[in-house]
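Here are the chains, one letter per residue:
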Amino acid sequence: MRAEDAGPVLSLEDIHFSYGGQPVLEAVSLRLERGMFLGLIGPNGSGKTTLLKIALGLLRPQQGTVRWFGRPLVRPGQFGARIAYVPQLSQAYVRPFPITVRELVLAGRVPRRGLLRPLNRADRDAVDRALAAVGMEDRAEARLSDLSGGQQQRAFIARALAADAEVLLLDEPMAGIDAAAQERFYDLLARLQRETGRTVMMVSHDLAAITGRVTHLACLNRRLICQGPVTDVAGDPQALSRTFGDLRLIAHSHGEAS
Ligand SMILES: Nc1ncnc2c1ncn2[C@@H]1O[C@H](COP(=O)(O)OP(=O)(O)O)[C@@H](O)[C@H]1O
Ligand SMILES: [Mg+2]
């Protein structure tokens, strides 16, 4: 382990952000520790995607600091193959890609091998493993634009897996994916986290789906409402109602009578 790696993998300190007038994030501080599986939850429009983009350097906060592995982030891609990202998908995002699933997943290897070094066996194996992990081996040669939204989502997940990064950041990766594939993917993430010490942060608006899977939760609604071990946060109805607004909805989604 490098000396710099003793501290948190990612720390966001006092982040303030607005796209124009209205503040979207206010005084958000968040720590992602090595080996955590952190669920970042909050309702739609609470700033989850914005916060991930700030963490990656794709957006610059008006105030606050982003540190990865103890070092300030100064440009996107600075930490190369150490961090992999699955963006929140929409049809608009995918449609312009005239490439195959295999080519997309192979692109996940670029930060690791560089653009100029030719593909080797390790790259091809990593791509095959990632495609198998998301159940897309048989669609490898299909054009991305010919696939359903859920299949496209799985292809983007495979791209991140092929990168073999220390840290995986996933923005609503389960959207449009059927229940069986979700189950498989959650198992895979839990295995990566438990057995190989990978650090995972997954954004979700679906508290009920994510609670049984993650080790820690952070609740966002413009401000960071709470963060901690999943048992503490999921057992704190006040924090949840301050995050999601409607306590009855939360109780219902847990299958408890209220
Ligand atoms: N590019 C943008 N320009 C202006 N406002 C935006 C932009 N992207 C997001 N927003 C607004 O910022 C707020 C937070 O959005 P977002 O980070 O996408 O939330 P979440 O991912 O939690 O749904 C929302 O009110 C959204 O409408
Ligand atoms: Mg979002």
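Residues numbered from 1 in each chain as written. Chains lettered and ligands numbered in written order. Predicted model: local features only at pLDDT ≥ 70, side-chain atom pairs only at ≥ 80, totals over all residues.

### What to know about the overall build of the chain
Argument step 1. Along the backbone of the chain there are eleven helices and ten strands.
Argument step 2. Here the contacts in the chain between residues at least 6 apart in sequence split such that 67% fall between residues at least 24 apart. (Helix = DSSP H or I, 4+ residues; strand = E, 2+ residues; numbered from the N terminus. Contact = placed C-beta atoms within 7 Å.)

### Quick notes on the confidence of the model for the chain
Argument step 1. When the pLDDT values of the chain are averaged, the result is 87; 90% of them are 70 or greater.
Argument step 2. Predicted confidence in the chain is weakest over helix 11 (residues 247-253), with a mean pLDDT of 50, and strongest over strand 1 (residues 10-18), with 98.
Argument step 3. In this model, residues 254-258 is a region of pLDDT below 50 whose contacts with residues beyond four sequence positions or in other chains number five contacts. (pLDDT = per-residue confidence, 0-100.)

### A word on the site of ligand 1
Argument step 1. For ligand 1, the full set of nearby residues is Tyr19, Val24, Gly42, Asn44, Gly45, Ser46, Gly47, Lys48, Thr49 and Thr50.
Argument step 2. For the shell around ligand 1, the element with the highest residue contribution is helix 1 (residues 48-56), accounting for three residues.
Argument step 3. Of the residues assigned to the shell around ligand 1, the class counts are two nonpolar, seven polar and one charged. (Near = placed C-beta within 6 Å. Nonpolar A, V, L, I, M, F, W, Y, C, P; charged D, E, K, R; others polar.)

### Quick notes on unusual backbone geometry
Argument step 1. One non-glycine residue, Asp14, lies in positive phi territory at about 50°.
Argument step 2. Note that Asp14 resides in strand 1.
Argument step 3. Judged by C-beta crowding, with 12 C-beta atoms within 10 Å, Asp14 ranks as exposed.
Argument step 4. Here the phi dihedral of Asp164 falls at roughly 55°; this positive angle occurs in a residue that is not glycine.
Argument step 5. Along the chain, Asp164 turns up in the loop between helix 6 (149-162) and strand 7 (167-171). (Buried ≥ 20, exposed ≤ 12 C-beta atoms within 10 Å, placed from the backbone.)

### Section: the pairing of strand 7
Argument step 1. Counting buried residues in strand 7 gives five out of five residues, a clear majority hidden from the surface.
Argument step 2. Neither face of strand 7 is exposed, since Val167, Leu169 and Asp171 on one face and Leu168 and Leu170 on the opposite face are all buried.
Argument step 3. Both strand 6 (residues 83-86) and strand 7 contribute to a ladder of four bridges, which runs parallel. Bridged to Ala84 within strand 7 is Leu168. (Pairing = 2+ DSSP bridges.)

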